[in-house]
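Chain by chain, the residues:
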Amino acid sequence: MKQDVYILAVETSCDDTSVAILKNKSVLSNIVSSQKIHQIFGGVVPEIASREHDRLIVPVMKEAVKESKIKLSELDAIAYTRGPGLLGSLLVGTSFAKSLALSLNIPLLEINHMQAHILSIFIDDNTEKPKFPFIALTVSGGHTQLVLVKSYSEFIEIGTTLDDAAGEAFDKSGKIMNLDYPAGPKIDKLAIQGDCNKFKFPKPKVEGLNFSFSGLKTNFKNFVNSKSKDFINKNINDLCASLQSTIVKILIDKIIKARDQYEINEFVICGGVSANSYLRKELTGLIESHKIKTYVPKINYSTDNAAMIGINGYFKFKESNFGKFSDFSVSKYPM
Ligand code: KG4
Ligand code: ZN
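All figures in this text were calculated on a predicted structure; none of them were measured in a lab.

Visitor: Lay out the pattern of salt bridges in plain terms, naming residues and giving numbers.
Guide: Here the structure, examined in full by the defined rule, presents 13 salt bridges. With a shortest N-O distance of 3.2 Å, Lys198 and Asp238 are connected by a salt bridge. Here the residue Lys198 occupies a position in the loop between helix H5 (184-191) and helix H6 (214-225), and Asp238 occupies one in helix H8 (residues 236-262), the gap between them amounting to 40 residues. On the basis of relative accessibility, which here comes to 14%, the residue Asp238 falls in the buried class. Note that Lys234 is salt-bridged to Asp230, the shortest N-O span being 3.1 Å. Placement of the pair is Lys234 and Asp230 together in helix H7 (residues 229-234), with a separation of four residues, close to one helical turn. Via salt bridges that share partners, Asp164, Glu168, Lys172 and Lys217 belong to a single interconnected network.

Visitor: Tell me what's going on with the packing of aromatic side chains, and back it up with residues and numbers.
Guide: Applying the stated criterion to the full structure yields 14 aromatic pairs. Taking the centre distance of 6.3 Å and the plane angle of 10° together, the rings of Phe211 and Phe213 count as stacked. Comparing Phe211 with Phe213, the two get one shared label, buried. Relative to Phe231, the ring of Phe223 lies with its centre 6.4 Å away and its plane at 70°, an arrangement referred to as edge-to-face. The rings of Phe122, Phe132, Phe134, Tyr152, Tyr314 and Phe315 are connected pair by pair, giving a single aromatic cluster. The aromatic ring of Phe231 is capped on one face by Lys227, whose charged end is 5.0 Å from the ring centroid.

Scoring rules and cut-offs
Residues numbered from 1 in each chain as written. Chains lettered and ligands numbered in written order. Predicted model: local features only at pLDDT ≥ 70, side-chain atom pairs only at ≥ 80, totals over all residues. Heavy atoms only, no water. Salt bridge = Lys/Arg side-chain N within 4 Å of Asp/Glu carboxyl O. Helix = DSSP H or I, 4+ residues; strand = E, 2+ residues; numbered from the N terminus. Buried < 20%, exposed > 50% of the residue type's maximum accessible area, 1.4 Å probe, protein only. Phe/Tyr/Trp six-rings, centres within 6.5 Å; stacked < 30°, edge-to-face > 60°. Lys NZ or Arg CZ within 6 Å of the ring centre and 35° of its normal.

Encoded structure:
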């Protein structure tokens, strides 16, 4: 039997056009083209996102193939994001992946974007890996979920947001301060010079392992709108630090609660917000304070990228015993 598995992976669920090539669990190339055009609108415009994917997907794929130094004829399968995501964006990736798989006469592997974020931790990159079962906190622009992960294919949602996602809380609060979309990374940078105890914002009281961020956003908006432009500009670092620490505290509190409830001490933190430097710092403190060991994917694999789709494709390829793949009638599934 063939030893090595080569997979080309496609990710187009939101506003990043990405193609990666993996040899088993190692990434040979991972090209991500982030669509900057949405910044002027202060958020992702779905119709523009699909048109941009359509324009970028072939050049991005060519660059990924070139960087990987492999030939298309060496590929064993095509993995792609089936959902969740924006319908038009998924349609571009789905059609592209199907066409490529058909033309090369190789199998097609449909991948769930949220599961892909979680399993990105297993990419071969010399980082320590968690043992099953573990709990994953997935924090992105569209989702905030706690998931009990029993194996490469068993995922049970144990908590979710009742309204906004954590990334949305960063992005929408940033917009209130006139920061460009996506505001998460900008708030992270501005907060470094700020005092996180300068302003107090309320943490929501949500039962169990669910989350809520819309109350915090409204409170932050009312506070900012009650101040002058001059005040906001002078206090921007402290505002960012105080907001960021409130969001991070909400996440950390639920991690501790999930540990107590499930008696599992291993956590994977993934999705775009896991790139946040303050969150990463607070997570490392959890081992001392609560004996909770956390695993965070490298930053390149935290925000949307195709390598995470590729690693999921690899596990699916292995699991399907080199034979049970997606039917070509498979369609995308949106949010
Ligand atoms: O996973 P992702 O790339 O795309 C989605 O599937 O949504 O996550 C994007 C989200 C955005 O809300 C962005 O502001 C946030 O991740 N984000 C951050 C940081 N980097 C990205 N939030 C806080 N701090 C960061 N450093
Ligand atoms: Zn994502």
